[in-house]
Amino acid sequence: MDDRQLQQWVEHISLTSFGRPFLHKARFNRRLTSTGGRYFTKSHDIEISWAQLEQFGPEDVEKIIKHELCHYHLHLLNRGYLHRDAEFKTLLKQVGGTRFCRSLPTAKRKEPYRYKLICSSCKTEYLRKRKLDPKKYACGKCRGKLKLHELDSKQNS
């Protein structure tokens, strides 16, 4: 499937499920891995994850398209188009879209812990992925001073 076929598919779903035309661009984005699709509020375009189609097939992608079309149509009607809005949730349920897409097995990239904070008083350890300034923080148990240690890449878990 290419972008032209996706465009036709999105236009068809828009007419059949929403009763309204889709008048903007729909395209695949091969870099999307942690999300199934995106709706752009400024251009009103929709991007769909190519990996979702490859991994889970057209049934799941159709639900993702319906999700993005909910954002699209509600936004153009000046209604609540955000995930937290009741109108969005209601329309999504009506058309049979999915609230969340399935996770891709290749997208599960667990960052190892690179730093350890150790309390100088009670010896409590806190693992962190990002470096931080220990002077700005205190131990959560005893309010003692923290010392930052960098972990070896072999020690990470």
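Use the structure listed above.
Model, not experiment: these values are computed from the prediction. (Residues numbered from 1 in each chain as written. Predicted model: local features only at pLDDT ≥ 70, side-chain atom pairs only at ≥ 80, totals over all residues. Heavy atoms only, no water.)

What follows covers the sheet that holds strand S1 (residues 26–29). The strand order across the open sheet built from three strands is S1-S3-S2, with neighbouring strands paired in mixed fashion. With one partner strand each, in any of the chains shown, S1 and strand S2 (37–39) form the two edges of the open sheet. Strand-to-strand twist of the sheet, defined as the mean angle between neighbouring strand axes without regard to direction, takes the value 20°. In the sheet, S2 pairs with strand S3 (residues 46–49) via three bridges, with the strands oriented antiparallel. If you follow Gly-37 over to S3, its bridge partner there is Ile-48. Here helix H1 (residues 3–18) sits on the sheet and contacts S1 and S3; the angle it forms with S1, its principal contact strand, is near 130°. (Pairing = 2+ DSSP bridges. Helix = DSSP H or I, 4+ residues; strand = E, 2+ residues; numbered from the N terminus. Axes fitted to C-alpha atoms, helices over the stretch in contact; angles between N-to-C directions. Contact = heavy atoms within 4.5 Å.)

Further remarks concern the pattern of salt bridges. Applying the stated criterion to the full structure yields eight salt bridges. Between Arg-4 and Asp-2 there is a salt bridge; the shortest N-O distance is 4.0 Å. Overall, the relative accessible area of 53% leaves Arg-4 in the exposed class. Given a relative accessible area of 33%, Asp-2 falls into the partly exposed group. Its salt-bridge partner being Arg-102, residue Asp-60 comes within 3.3 Å of it at the nearest N-O pair. Of this pair, Asp-60 sits in helix H3 (residues 58–76) while Arg-102 sits in the loop between helix H4 (86–95) and strand S4 (115–119); the two residues are 42 residues apart in sequence, bridging distant segments of the chain. With relative accessibility at 47%, the residue Arg-102 sits in the partly exposed group. Each of Arg-27, Arg-38, Asp-45 and Glu-47 takes part in salt bridges that share partners, so that together they form one network. (Salt bridge = Lys/Arg side-chain N within 4 Å of Asp/Glu carboxyl O. Buried < 20%, exposed > 50% of the residue type's maximum accessible area, 1.4 Å probe, protein only.)

Here we take up the nonpolar core. Among the nonpolar cores identified, the biggest contains 24 residues, and Leu-6, Ile-48, Ile-65 and Leu-69 are the most heavily contacted of them. When neighbours within four sequence positions are excluded, Ile-65 is seen to be in contact with Leu-6, Trp-9, Val-10, Ile-13 and Ile-48. (Core = buried A, V, L, I, M, F, W, Y, C linked by side-chain atoms within 4.5 Å.)

On to the packing of H1 against H3. The interhelical angle for the contact between H1 and H3, taken along N-to-C directions, is 65°, at an axis separation of 10 Å. Accordingly, the angle class assigned to the pair H1 and H3 is roughly perpendicular. The element H1 and its partner H3 pack so that their crossing is right-handed. Facing Leu-6, Trp-9, Val-10, Ile-13, Ser-14, Ser-17 and Phe-18 of H1, the residues of H3 in contact are Pro-58, Val-61, Glu-62, Ile-65, Lys-66, Leu-69, Cys-70 and His-73. Here the contact of H1 with H3 is composed, by residue class, of ten nonpolar, three polar and two charged. (Parallel < 35°, antiparallel > 145°, perpendicular 65-115°, else oblique. Left-handed = near helix turned anticlockwise from the far one by under 90°. Nonpolar A, V, L, I, M, F, W, Y, C, P; charged D, E, K, R; others polar.)

This next bit is on the side chain of His-71. Examined against the element boundaries, His-71 turns out to sit in helix H3. By relative accessible area, His-71 is classed as buried at 7%. Within the structure, the side chain of His-71 is placed 3.1 Å from the side chain of His-67, a separation counted as a polar contact. Engagement of the side chain of His-71 in a polar contact is seen with the side chain of His-83, the distance being 3.2 Å. Leaving out residues up to four positions away in the same chain, His-71 has contacts with Tyr-39, Tyr-81, His-83 and Phe-88. (Polar contact = N/O pair within 3.5 Å; in protein donor to acceptor, adjacent residues only side chain to side chain.)

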